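The primary structure of each chain is shown beneath.
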Protein chains: 4
Amino acid sequence: MAEETWKTAITDTGPGKIRVRGYSITDIMEKLSYAEAVFLVLKGELPSRAEAELMNAILVSSIDHGPTPPSVLGTRTVLSGGNSLNAAIAGGVLVIGDIHGGAIEQSARIMQEWAGKEGDVEDLAAKLVDWLKGTETRMPGFGHQLHKVDPRTGKLFEIAARVGYSGRHIDLCVAVEKALEEKLGRQLPININGATAAVISDMGFDWRLGKGFFIISRVPGLLAHAYEEMTRERPMRKLGPPSFDYDGPDERDI
Amino acid sequence: MAEETWKTAITDTGPGKIRVRGYSITDIMEKLSYAEAVFLVLKGELPSRAEAELMNAILVSSIDHGPTPPSVLGTRTVLSGGNSLNAAIAGGVLVIGDIHGGAIEQSARIMQEWAGKEGDVEDLAAKLVDWLKGTETRMPGFGHQLHKVDPRTGKLFEIAARVGYSGRHIDLCVAVEKALEEKLGRQLPININGATAAVISDMGFDWRLGKGFFIISRVPGLLAHAYEEMTRERPMRKLGPPSFDYDGPDERDI
Amino acid sequence: MAEETWKTAITDTGPGKIRVRGYSITDIMEKLSYAEAVFLVLKGELPSRAEAELMNAILVSSIDHGPTPPSVLGTRTVLSGGNSLNAAIAGGVLVIGDIHGGAIEQSARIMQEWAGKEGDVEDLAAKLVDWLKGTETRMPGFGHQLHKVDPRTGKLFEIAARVGYSGRHIDLCVAVEKALEEKLGRQLPININGATAAVISDMGFDWRLGKGFFIISRVPGLLAHAYEEMTRERPMRKLGPPSFDYDGPDERDI
Amino acid sequence: MAEETWKTAITDTGPGKIRVRGYSITDIMEKLSYAEAVFLVLKGELPSRAEAELMNAILVSSIDHGPTPPSVLGTRTVLSGGNSLNAAIAGGVLVIGDIHGGAIEQSARIMQEWAGKEGDVEDLAAKLVDWLKGTETRMPGFGHQLHKVDPRTGKLFEIAARVGYSGRHIDLCVAVEKALEEKLGRQLPININGATAAVISDMGFDWRLGKGFFIISRVPGLLAHAYEEMTRERPMRKLGPPSFDYDGPDERDI
């Protein structure tokens, strides 16, 4: 049977009252940007100005990436089958897993573990790359299928520099990029997931929230794709597969 | 078999290129707030300053409403069963349907239909309320279970006034509130869903996108609840029901 | 706040006790086929022998239809993104909407409405087809994109004849097929959804359960596809789109 | 861009042709029970008579367990928010994770690993329990919150005995129950998940399919609950929480 009472530290409500982390919703509407409100609801405290600007850039950076990410296929397929907008968004969010959109979480996990060790970041980065080699692990958040250099990474770090935001995780992240090139002889530039992982780690967010930032960022894109499918395509158009070969058992009788 | 080529007008991508509605993602990261980027990705054009401020207030206004909305129960129940963060968010978004979170869409649909008719808004509001009475329809977006007066509505309209944003849908919305009181003798103040419906209608958004604004707004709240469940509660705690009475067939044999 | 106590007429449980619609689960395990148990849990009563055989044929008939149905794309896309088996099945079930898999429900709705009218089925079928013409409605459950004649329909009706099961909805369904040909001059043979709709309607099931029979039937197929994707394909292979053309706004600056 | 051609060994389709694992769908409708068809679609081959009977008992055994399992809460919450039947089923399936319904998979994984080792099952069971103790692991599939003795387990093994079905995994499963009592001094009787895990392992199914059998079994139950919610309860009734205490930051100003 259900527990009598739940506990929550997020939002208190009552007649005429909505207070998120202690702040009234009308104050939040008046004074905070959405990025600041996201920071508040997840962290429990207001961001600094530098953090607010970086959080905004992070949430904006992955707002859409065109029709090829599999979460878009998920959203459009659900919509196309004759379902509601919220089901279509849910279908896209369901696709965002360990392989698609999981790099922020995985990269932040590794960075938070290694940045917690003693030593300077260059040494740690070298040891981290040795560990990656020894365990044949790919460093998540580095390299990109499409972009040789992810343009979003440079911009995020440029903003960080401009607002004077730095920290051990960002430093480690940059050092890992160098160490990967030196030790593996491969250019694996930090992509937006790796850069985001570094910044949210310096902001003090638990790596387990990693996928969440990508989800918040991408939901408007999924919505735009759902709406485009709804208004521009006919229902149940053939979204896949192009063709198929059956290679199972031959025809047979029971 | 699948269509050869998709068409999209949202985002163009290529090596080193991500352009949302024509604008490069790095420009967007540098110059737009998340609320402006949401407006852009959904509408295809940049908002005015007034629209940007109102869109921000809308997205902030529903970021969380504590543990009682059913979408929170959906998210926490999925997480508690031993599932991933994205599945938990999807589970919450799935709950946001015609009854929970559907009022923006339904209210915008009615307002867009009636604001499209000729006549001044007071007359239209009077006729709209007559129609509601005749068809025994409840006007969506007015009244609230918990809040006698929804504090978010006043703040949203206050911001609209301050930035000088007005339009026929907002005017109609206010007129409907009056007409409901005059003709039904009931105070049914505009709630945040009705106010949002009016503002996005004046911004030119299709009512079919209505649930989308609520979903974008609420996803961070759902994430906060998923994280709180993950870090503060034991797995598969009893979330419901408190108890149950079985009133089906008596015990019997096959 | 939550209701104190739920009511349910489906299953009673207690220490050592699981009784579905009054029958002990161990009796059900011993004496009922899965198809009979499905009938029981949904209808509240045991099926006749004829109903049991038909329910089995219905549940078997749509167990899989290869890789082209969009629900398979949904399931494989979720799995491929790095998600759990249950999330992948949920992703496929989400796709089963009004357009994909909705024909049983829609067809049963129409048949239940028309079979409830007075008159013989030939007359009703003629009037129904006139109504379809007048409202430019496609009769759901008739015709098939791939199969000129759906082989499953003949088999289901053959079994019905063999076990001596008939009823007004099946008769109406057959009469509608004839009337469509006579009045529209088009061969639109009953497909498995239309045939299923007729049989479950004669069994007394509410049309609103229509999608449910398709879902129960197809879940094992979705599971087989999820497992094949998991064991035979690499993660995040490109499931779609084949290519895309961007036709949105030209490159521009903020 | 998407792969040109998919490969599949499950079902071949073409005009008038649906062949699952080589068998025509009409033969399957005529000659196979649903449980046999499930075995076929997942395994690629027909079950023996004994396997067919056990598969039926497995699929029937978990068809419903009343309103308290969290997947029922998921399904009812989605339906209650004003969503479609398929979204409600998807919502329930989403809840079935590592904690709720994951025991078949986890138990089968351990049994398949240990039954693959050399030695007789009593020795292996003893070593397995030592390993559990050493790693402080709970053996999944043993013990039950509600049932001191799960009545479904005895029935499943009784059927196995009657049809003459036995195997190394079933033997190991029984031996583990004894070893748990001898070595831990605790009665942790095999529950239906553990018994199912043993039987499907002897049938040669991959443990990674474990959750799938539970999902197939439970979907009709979830459907019955969705339908009961739809027809018997008012929309958006309060499903949870009973009440809540806010223990976050005190009221404060921005």
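1. Re the pattern of salt bridges
Summed over all chains, the structure comprises 72 salt bridges over all chains. The salt bridge partner of D:Arg252 is A:Glu45, with a shortest N-O separation of 2.9 Å. Linking D:Arg252 in the segment after β5 (244-246) with A:Glu45 in the loop between α2 (34-43) and α3 (49-61), this pair reaches from one chain into another. A salt bridge links A:Glu158 to A:Lys155; its shortest N-O distance comes to 3.2 Å.

2. Considerations on the packing of helix α2 (residues 34-43) of chain D against helix α3 (residues 49-61) of chain D
Residues and elements named next belong to chain D. The contact between α2 and α3 brings their axes to 8 Å, and the two run at 100°. Taken together, α2 and α3 sit at an angle that is classed as roughly perpendicular. From α2, Tyr 34, Ala 35, Glu 36, Val 38 and Phe 39 reach across to α3, where they touch Glu 51, Ala 52, Met 55, Asn 56 and Leu 59.

3. Remarks on the relation of the copies chain C and chain B
The two chain copies are connected by a rotation around an axis plus a translation along it. Overlaying chain C on chain B yields an RMSD of 0.0 Å, the required transformation being a rotation through 180° with an accompanying axial translation of 0.0 Å. When the rotation and shift are considered jointly, the pair of chain copies conforms to a two-fold rotation axis. Distance from the rotation axis, computed per C-alpha, reaches its smallest value in chain C at C:Ala87: 3.4 Å. Of the residues that chain C buries at the interface, 100% are likewise interface residues in chain B, meaning the two copies contact each other through the same surface.

4. Some remarks on the confidence of the model for chain A
Mean pLDDT for chain A: 96, with 99% of residues reaching 70 or above. With pTM at 0.97, the complex prediction returns an ipTM value of 0.96.

5. Examining the interface of chain A and chain B
Counting from both sides, the interface comprises 89 residues of chain A and, opposite them, 89 residues of chain B. Buried area between chain A and chain B, summed over both chains or domains, comes out near 7,900 Å², and the portion from carbon and sulfur atoms is 68%. There are four salt bridges connecting chain A and chain B. Between B:Glu30 and A:Arg162 there is a salt bridge, and its shortest N-O distance comes to 2.5 Å.

6. So, the interface of chain C and chain B
Contacts between the two partners involve 43 residues from chain C and, on the opposite side, 43 residues from chain B. The junction of chain C with chain B conceals about 3,600 Å² of combined surface from both sides, 56% of it contributed by carbon and sulfur atoms. Three residues, C:Tyr246, C:Arg252 and C:Ile254, lead the burial of chain C against chain B; their summed loss comes to 21% of the area buried on that side. Where chain C packs against chain B, one counts four salt bridges. In this structure, the connection of chain C to chain B is made through 26 residue pairs in polar contact (both at pLDDT 80 or more). Elements that contribute at least two residues to the side of chain C that touches chain B include exactly β1 (6-8), β2 (11-14), β3 (17-20), α1 (25-31), α5 (85-95) and β5 (244-246) of chain C. Of the residues that constitute the side of chain C that touches chain B, the class distribution is 15 nonpolar, 12 polar and 16 charged. Alignment of strand β5 (residues 244-246) of chain B against β1(C), held across three bridges, turns out to be parallel. Bridge pairing in β1(C) places B:Phe244 opposite C:Trp6.

7. Quick notes on the environment of D:Pro15
Structurally, D:Pro15 is set in the loop between β2 (11-14) and β3 (17-20). Taking the relative accessible area as the measure of exposure, D:Pro15 reaches 69% and is therefore exposed. Once the C-alpha coordinates of D:Pro15 and D:Gly92 are considered, the two residues, 77 residues apart in sequence, prove to be 35 Å apart. The contact partners of D:Pro15, leaving out residues within four places of it in the chain, are C:Leu146 and C:His147.

Thresholds applied
Residues numbered from 1 in each chain as written. Chains lettered and ligands numbered in written order. Predicted model: local features only at pLDDT ≥ 70, side-chain atom pairs only at ≥ 80, totals over all residues. Heavy atoms only, no water. Salt bridge = Lys/Arg side-chain N within 4 Å of Asp/Glu carboxyl O. Helix = DSSP H or I, 4+ residues; strand = E, 2+ residues; numbered from the N terminus. Axes fitted to C-alpha atoms, helices over the stretch in contact; angles between N-to-C directions. Parallel < 35°, antiparallel > 145°, perpendicular 65-115°, else oblique. Contact = heavy atoms within 4.5 Å. Least-squares fit on C-alpha atoms with pLDDT ≥ 70 in both. pLDDT = per-residue confidence, 0-100. Buried area = accessible area lost by both parts, 1.4 Å probe. Polar contact = N/O pair within 3.5 Å; in protein donor to acceptor, adjacent residues only side chain to side chain. Nonpolar A, V, L, I, M, F, W, Y, C, P; charged D, E, K, R; others polar. Pairing = 2+ DSSP bridges. Buried < 20%, exposed > 50% of the residue type's maximum accessible area, 1.4 Å probe, protein only.

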